[in-house]
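Chain by chain, the residues:
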Amino acid sequence: MKSDLFASENLARPAAAPGMTLQNAKSVKYTVNGEMLARQGSMVAFRGNLQFERKGQGIGGMLKRAVTGEGLALMSVRGQGEAWFAHQAGHCFIIDFEPGDSLTISGRNVLCFDPTLAYEIKMLKGAGMTGGGLFNSLFTGTGKLAVVCDGHPIIIPVTAQNPVYVDTDAVVGWSSQLETGLHRSQSVGSMIRGGSGEAVQLMLRGEGFVIVRPSEVTETAAAH
């Protein structure tokens, strides 16, 4: 049987060493030897002796799911084998954390990560019950985190002199040391997002960067 479908770049590669690698631009392969953590529903294939178990989010995660329909709903993967992870054909990226590194990521953009990383679900101060992407996960420690993004991400530097304002539906993550807050641009509300009245952006100030996806469409909206 012959087809470009069977091109070498599409074939699963033999396991080399434990841990995660990019299978291709839109999927991550994890060679499990013990345990790892992944977003529930993100596993697309596996082989070997692996067990999957739902993992609780804690009170903060439950609140997020109730308010926004999103959340960092996780599962633990244990055993020995290989598993592949993806989400709606989004672009996948692997972030390697070194000692002292920390990053805030929106729960909807987390794909999978090493168990050596610590995570804590936080709510943006002043967010109340408005908008999506205002409950985020702070990752610290050492290890690898795979994130997924609709389209090619935009990385914008942030400085104390030049704060950046990001649509709350478009933000993927940011340097955890940045000061954050909500910015309401009422004067331009009629021109933003179909004249919704009041536009709310995430304001970031300090020294670092913010990661933005080139889309404001939420998964909940896309499902309808």
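Residues numbered from 1 in each chain as written. Predicted model: local features only at pLDDT ≥ 70, side-chain atom pairs only at ≥ 80, totals over all residues. Heavy atoms only, no water.

Novice: Quick one: what's the story with the sheet that holds strand β12 (residues 164-167), residue by residue and with numbers?
Specialist: With antiparallel pairing, the three strands of this open sheet are ordered in space as β12-β15-β14. Edge positions in the open sheet fall to β12 and β14 (179-184), since each of these has one partner strand only. If you compare each strand with its neighbour and ignore which way they point, the axes differ by 35° on average. The sheet contact formed by β14 and strand β15 (residues 200-205) spans six bridges and is antiparallel. What sits directly across from histidine 183, in β15, is glutamine 201. (Pairing = 2+ DSSP bridges. Helix = DSSP H or I, 4+ residues; strand = E, 2+ residues; numbered from the N terminus. Axes fitted to C-alpha atoms, helices over the stretch in contact; angles between N-to-C directions.)

Novice: With reference to specific residues and values, describe the side chain of arginine 108.
Specialist: Take arginine 108: it is sitting in the loop between β6 (102-106) and β7 (110-113). With relative accessibility at 5%, the residue arginine 108 sits in the buried group. Side-chain polar atoms of arginine 108 contact the backbone oxygen of aspartate 169, separated by 3.0 Å. (Buried < 20%, exposed > 50% of the residue type's maximum accessible area, 1.4 Å probe, protein only. Polar contact = N/O pair within 3.5 Å; in protein donor to acceptor, adjacent residues only side chain to side chain.)

Novice: So what's going on with unusual backbone geometry? Residues and values would help.
Specialist: With a phi close to 50°, glutamine 88 is a non-glycine residue in the positive phi region. Given a relative accessible area of 62%, glutamine 88 falls into the exposed group.

Novice: Before we move on, can you summarise the pattern of salt bridges with the specific residues and values?
Specialist: Per the counting criterion, the structure on display carries six salt bridges. Here glutamate 82 ties to lysine 29 by a salt bridge, and the two come within 2.8 Å at their closest N and O atoms. One end of the pair, glutamate 82, is in strand β4 (residues 74-85); the other, lysine 29, is in strand β2 (residues 27-39), with 53 residues separating them in the sequence. Each of the two residues, glutamate 82 as well as lysine 29, counts as buried. (Salt bridge = Lys/Arg side-chain N within 4 Å of Asp/Glu carboxyl O.)

Novice: Any details on the environment of aspartate 96? Residues and values, ideally.
Specialist: On the secondary structure map, aspartate 96 appears in strand β5 (residues 91-97). Placed 48 residues apart in sequence, aspartate 96 and lysine 144 show a C-alpha to C-alpha distance of 4.5 Å. Discounting residues that sit within four places of it in the chain, aspartate 96 has contacts with Asp101, Gly143 and Lys144. (Contact = heavy atoms within 4.5 Å.)

Novice: Give me the environment of threonine 168: which residues, what numbers.
Specialist: Within the secondary structure, threonine 168 sits in the loop between β12 and β13 (171-175). Its relative accessible area of 5% is what places threonine 168 among the buried residues. Considered as a pair, threonine 168 and leucine 202 are 34 residues apart in the sequence and their alpha carbons are 5.8 Å apart.

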